[in-house]
Amino acid sequence: QVQLVESGGGWVQPGGSLKLTCAASGGTFSTLTIGWFRQGPGKEREFVATIDWQDRTIFYSDAAKGRFFISRDNGKKMVYLQMNSLKNNDTGVYYCGEGSGMAIRNPPPGRYRDWGQGTQVSVSS
């Protein structure tokens, strides 16, 4: 079983950038599909981006497309989420999770497990 820990969140003004990191321990990281989700205040957890174990398949939510970029370093057991041109409604707690099977478009949260504790991203002026 893999353990995931998110980091890199913080406060940023609209238009700014942040880079989140999902660090894994245990398990066989290089064969995992990893996804980033977020949960805004009073909202349900929603999909942001996912990447499969060989980097061959990447999907983004419509909200993230063109602004966020997911990548992974299997040697370091890390997955990154580079977030650019941040908006107020990007505010929320960002979680990474281990996916069940291959990466798919717009996956539900239930397809992922072993969530980390999350990292808070706050975008405001």
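The structure under discussion appears in the preceding block.
Residue positions are given per chain, counted from 1 along the sequence in the order it is written. Local features are withheld for residues below a pLDDT of 70 in this predicted model, meaning they are given only at 70 or higher, and side-chain atom pairs are given and counted only at 80 or more; totals for whole chains, interfaces and linings count all residues. Heavy atoms throughout the structure, all of them, feed into the side-chain values; hydrogens and water do not.

A. Here's a closer look at the sheet that holds strand β7 (residues 68-73). Judged by pairing direction, the sheet is antiparallel, and its 4 strands sit side by side in the order β1-β3-β8-β7 without closing on themselves. Strands with a single pairing partner mark the edges of an open sheet, and in this sheet they are β1 (3-7) and β7. Across the sheet, the axes of successive neighbouring strands diverge by a mean angle of 15°, strand direction being ignored. Where β1 and strand β3 (residues 18-25) come together, 5 bridges link them in antiparallel fashion. When the bridges of β3 are listed, Val 5 appears paired with Ala 23. Between any two strands, at least two bridges found by DSSP are needed for them to pair. For helices the rule is a DSSP run of H or I covering at least 4 residues; for strands it is a run of E covering at least 2, with both sets numbered from the N terminus onward. Helix axes are fitted only over the stretch in contact, all axes being lines through C-alpha atoms; the angle between N-to-C directions runs from 0 to 180 degrees.

B. Spotlight on the nonpolar core. Counting 26 residues, the largest nonpolar core has Trp 36, Leu 81, Met 83 and Tyr 94 as its most contacted members. Contributing elements (two or more residues each) for this core: β3, β4 (33-39), β5 (46-51), β7, β8 (78-83), β9 (92-99) and β11 (119-123). In terms of residues, this core owes the most to one element, β3, which gives 4 residues. If we ignore the near neighbours within four places in the chain, the residues touching Met 83 are Gly 16, Ser 17, Leu 18, Leu 20, Arg 67, Phe 68, Tyr 94 and Val 121. Grouped together as the second largest cluster of nonpolar side chains are 5 residues, Phe 37, Phe 59, Ala 103 and Tyr 112 included. In this text, buried Ala, Val, Leu, Ile, Met, Phe, Trp, Tyr and Cys residues form a nonpolar core when linked through side-chain atoms within 4.5 Å. Exposure categories follow from relative accessible area, calculated using a 1.4 Å probe and restricted to protein chains: below 20% of the type maximum is buried, above 50% is exposed, and the middle band is partly exposed. In this description, contact between two residues means that some pair of their heavy atoms is separated by no more than 4.5 Å.

C. Structural view of the environment of Gly 66. Structurally, the position occupied by Gly 66 is in the loop between β6 (58-60) and β7. Here the alpha-carbon distance between Gly 66 and Asn 84, two residues 18 residues apart in the chain, equals 8.8 Å.

D. Structural context of the side chain of Thr 119. Relative to the helices and strands, Thr 119 resides in strand β11. On the accessibility criterion, Thr 119 (9% relative accessible area) is buried. Under this definition, polar contacts are N or O atom pairs within 3.5 Å; protein pairs additionally need one hydrogen-donor-capable and one acceptor-capable atom, and for neighbouring residues in sequence, both atoms have to be side-chain atoms. Side-chain polar atoms of Thr 119 contact the backbone nitrogen of Gly 9, separated by 3.0 Å. In this view, Thr 119 contacts Glu 6, Ser 7, Gly 8, Gly 9, Leu 20, Gly 92, Val 93 and Tyr 94; residues no more than four positions away in its chain are not counted.

E. Quick look at the state of the cysteines. In this description, a disulfide is simply a cysteine sulfur pair whose atoms lie within 2.5 Å. Applying the stated criterion across every chain, the model contains 1 disulfide. The disulfide that involves Cys 22 links it to Cys 96, with 2.1 Å between the sulfurs. The chirality of the disulfide connecting Cys 22 with Cys 96 is right-handed, given an S-S dihedral of about 75°. Placement of the pair is Cys 22 in strand β3 and Cys 96 in strand β9, with a sequence separation of 74 residues.

F. View of the environment of Ser 61. By the secondary structure assignment, Ser 61 is in the loop between β6 and β7. Judged by relative accessible area, which is 9%, Ser 61 ranks as buried. When residues no more than four places from it in sequence are discounted, the contact partners of Ser 61 are Phe 47, Val 48 and Asn 106.

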